[in-house]
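The primary structure of each chain is shown beneath.
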Amino acid sequence: IEMTEMTGVSLKRRALVVEDNDSGVPAEETKKQKFSECNPTKDQDGLQNDFLSISEDMPGPPDTVSAGKGGENSEAQLEDEEEEEDGLSEECEEEESESFADMMKHGLTEADVGITKFVSSHQGFSGILKERYSDFVVHEIGKDGRISHLNDLSIPVDEEDPSEDIFTVLTAEEKQQLEELQLFKNKETSVAIEVIEDTKEKRTIIHQAIKSLFPGLETKTEDREGKKYIVAYHAAGKKALANPRKHSWPKSRGSYCHFVLYKENKDTMDAINVLSRYLRVKPNIFSYMGTKDKRAITVQEIAVLKITAQRLAHLNKCLMNFKLGNFSYQKKPLKLGELQGNHFTVVLRNITGTDDQVQQAMNSLKEIGFINYYGMQRFGTTAVPTYQVGRAILQNSWTEVMDLILKPRSGAEKGYLVKCREEWAKTKDPTAALRKLPVKRCVEGQLLRGLSKYGMKNIVSAFGLIPRNNRLMYIHSYQSYVWNNMVSKRIEDYGLKPAPGDLVLKGATPTYIEEEDVNNYSIHDVVMPLPGFDVIYPKHKIQEAYREMLTADNLDIDNMRHKIRDYSLSGAYRKIIIRPQNVSWEVVAYDDPKIPLFNTDVDNLEGKPPPVFASEGKYRALKMDFSLPPSTYATMAIREVLKMDTSIKNQTQLNTTWLR
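- Under an unreviewed UniProt entry, the name given to the chain is Pseudouridylate synthase 7 homolog, and the source organism is Callithrix jacchus.
- We quote the UniProt Sequence similarities (unreviewed entry) comment for the chain here in full: "Belongs to the pseudouridine synthase TruD family."

1. Quick notes on unusual backbone geometry
Okay, step 1: Even without glycine at this site, Asn 326 takes up a positive phi of about 50 degrees.
Okay, step 2: Within the fold, Asn 326 resides in strand 11 (residues 322-330).
Okay, step 3: In this structure, Asn 582 takes a positive phi of about 50 degrees despite not being glycine.
Okay, step 4: Its location among the elements puts Asn 582 in strand 19 (residues 581-590).
Okay, step 5: The class for Asn 582 is exposed, based on a relative accessible area of 52%.

2. Regarding the sheet that holds strand 17 (residues 572-575)
Okay, step 1: Here we have four strands laid out as an open sheet, ordered 15-14-16-17, and antiparallel in their pairing. Two strands bound the open sheet, and with one partner strand each, they are strand 15 (509-512) and strand 17. This sheet shows a mean twist of 55 degrees between the axes of neighbouring strands, independent of strand direction.
Okay, step 2: Pairing geometry for strand 14 (residues 503-506) and strand 16 (residues 526-530), over two bridges, is antiparallel. Across the sheet, Leu 503 pairs through a bridge with Val 527, a residue of strand 16.

3. Quick word on the environment of Gln 330
Okay, step 1: Tracing the sequence through the fold places Gln 330 in strand 11.
Okay, step 2: Once the C-alpha coordinates of Gln 330 and Val 304 are considered, the two residues, 26 residues apart in sequence, prove to be 9.9 Å apart.
Okay, step 3: Leave out the neighbours within four places in its chain, and Gln 330 touches Gly 254, Ser 255, Tyr 256 and His 258.
Okay, step 4: Looking at Gln 330, its side chain comes within polar contact range of the side chain of Ser 328, at 2.9 Å.

Basis of the calculations
Counting of residues starts from 1 at the beginning of each chain's written sequence and follows it residue by residue. In keeping with the model being predicted, local features are shown solely for residues with a pLDDT of at least 70 and side-chain atom pairs are shown and tallied solely at 80 or more, while totals for entire chains, interfaces and linings include all residues. Only hydrogens and water are set aside when side-chain values are computed; all heavy atoms of the structure are taken into account. UniProt positions are given in the numbering used here, feature names are shortened, and annotations may be inferred rather than shown by experiment. A run of H or I in DSSP counts as a helix once it spans at least four residues, and a run of E counts as a strand once it spans at least two, with each numbered from the N terminus. Relative accessible area decides the class of each residue, using a 1.4 Å probe on protein chains only: under 20% of the type maximum gives buried, over 50% gives exposed, and in between gives partly exposed. In short, DSSP must find at least two bridges between two strands for them to pair. Axes here mean lines fitted to C-alpha atoms, for a helix over just the part in contact, with angles spanning 0 to 180 degrees between N-to-C directions. We call two residues in contact whenever any of their non-hydrogen atoms come within 4.5 Å of each other. Two N or O atoms form a polar contact when they lie within 3.5 Å of each other; inside protein one atom must be a possible hydrogen donor and the other a possible acceptor, and for residues adjacent in sequence the pair counts only when both atoms belong to side chains.

Below, the structure is given as C-alpha cells:
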C-alpha cells in the first residue's frame, strides 16, 4: 500500500463549505408552538432555541466514548469522559456569523494537531460536506448490534396510565403556581385548586395531573365553605424533585422508560436538559450509552427513571427539533459505553472526482480504512487550543491555565466574550469581567465566579467550579494531541505494516510484537498508548519520541500522576487504523442544491417517498454509509476519501461562497 503525506496541493482544492451558524430557515416558516400545552420551567435561558428551525452549521461526528480505565477495551477509553453531569451553556462558544471566515483565520489546521498522513494512494477530490444539516445523520448501534431507528410513535398500552385529560385540566395560571411551589420559589407551603363542575372523575384527573406533571408534590381533597378543593403540597422536602415518587409506579412495570430520541442540531446533554425542563425533573434521572454531537441529525436510545411513555410522547407536540418514540419499559437504565458504535449516512455534494476516483477512494476506505486520528473538534476553534490548557494543567501551571482561558484571543467568539476578556486583561478583576458576561454558565463565567469566590491566590479551587467534564476535556485534548503526533511519526517511520516492538491487545492486556511474530498480525491489530501512568510504550524508536515530546512540554513521562487526583492520567490504548464496517456508497446526480438526497427516520414516519434521481444533473453527490466503533471520528474517514484538510480554518478560507 502506498502511503501519502498531505501536501500543499491538497490545500488548494475547492473544498468543504462552512455554513454560517445563524443561517436558519426564514422566520415565516418557523412554527408557532402552543406553550399552554407544555410549559417548561420559566427560569432557564435559551428555551426559545428549541422552538426554532435548525441553523445549518458545520457538523462534526459524534465522539462517543466508552467509559473505563486504560486498556480495558480495544478502543481508546478516556476515563469517565462523558459523565451525566450538566454541561455548560453553549452561549459562550457560538460565533458571530458576519466575519466567521475572517475569525477562522486564527483557528487550527490539521497539521497543528498532528494530523498529517493518509493511508491510501488514490488521488483526492473535493466535495461539500454539510451543505444542508440533513446531509449528516448518525444512528447509534446498541450493545446487541442493532442500529437505532425511530419508526414507532405508539405508546405501550398500560392500564395504569391516567387519561390524556391531565394535560389540559389545569389552567396556565394554576400550572405556574404549582411549578413555583414545586421549585420552592415562594413562601407558600401549598396550592389549592378549586374543583369546578365537581365530580369524582374530575377530582381524580386533577390529582393525577398534579402528581404526573409536578413530581415531588402530593395532593389531598378538602372541603372549604361548601366547595371542593384539591390541595397540593410537598411530599418529602427538596429531595423529592430528584427522586420521583416511589409509590405511584406500578410494581409490575419496569422502572425505566427506554425510548429512541431523534434530534436535530442538539448535542445529547443539551437535549436532556431541554427534556428535563419540560418534564420538570432533574437531568440526572436520564441515562444514555454515548453522547452525540450537536451538528447533525442523530438517533439514539435514552432511558429515564419513572416517567411514563405517555408523558414523553406528549413532548412530540411541544418540541420541534426532537421526536421521541419506540417506547418500552425496562428494569435497568443505560450505561455509558455500552454501545457498539455509530452508523453514519453522509452526503458530500458537488463532488469533482470522476467515478473511477470515487470507486478507488471508497474501496480503499472499505478495505484498508483510515488513520484513527482524533478529529479537529477535539481541539477547539479559537487561537487558544484546548490542548494548551490541558498541558498547563498537567504542568501544574495554574496562572497559565487562568491566563489561557481568560486572555483576549483571535478567533470565533461572541462580542460580549471579547469585552469580558478585554476587561480581564485591563483590570485583572474577576467581578468586573464577570459583569460583562450576560451568560454566566460557560467556562469563562464559571472560572471568573471561582476567582471572585476564592481569590486570585487559589486558582485551583476557582477552576474547580467548572464542571468536571469540562475540566477533564482539556487534559484529554492534550492526550489526543500527543497521540495524533505520535501516530503520524509511527506511520512515517514504519509504514503500514506491523513492526517488531509495536503493541497489540490480547484481551485487555497490551503485549509487544516480537520479531518472529510479525507475520501473525496486521496493521489493524496495532494500538498506541495515550500517555499516562498505567500504560506501556512501543519498544522501538517511537518510545523515545513520546519521551521527547513530553519532555519538551516539561512533563515527566515516568510520572503522570498529578497532585490533584482528578488530573492524574492513567492512559489508554487506541487502534491506529480503523476499517469501517457496512460500507456502501452511490454517486447521484441532482439539479437543486436544496433537495434532500435521502430520507430521515422522520421522513419515513411521515410517509415521504424517497428522492428519485435523474441520470444526469448539474451536480454530483457522493452518498456514503458506514459504521464506526465508539470514539472514532467520521470526519477522519471523510478526510481519507477526499484527501483534504477538514479543519474549519481551511474550509472557510478555501470556499465560503458556494451557493450563497
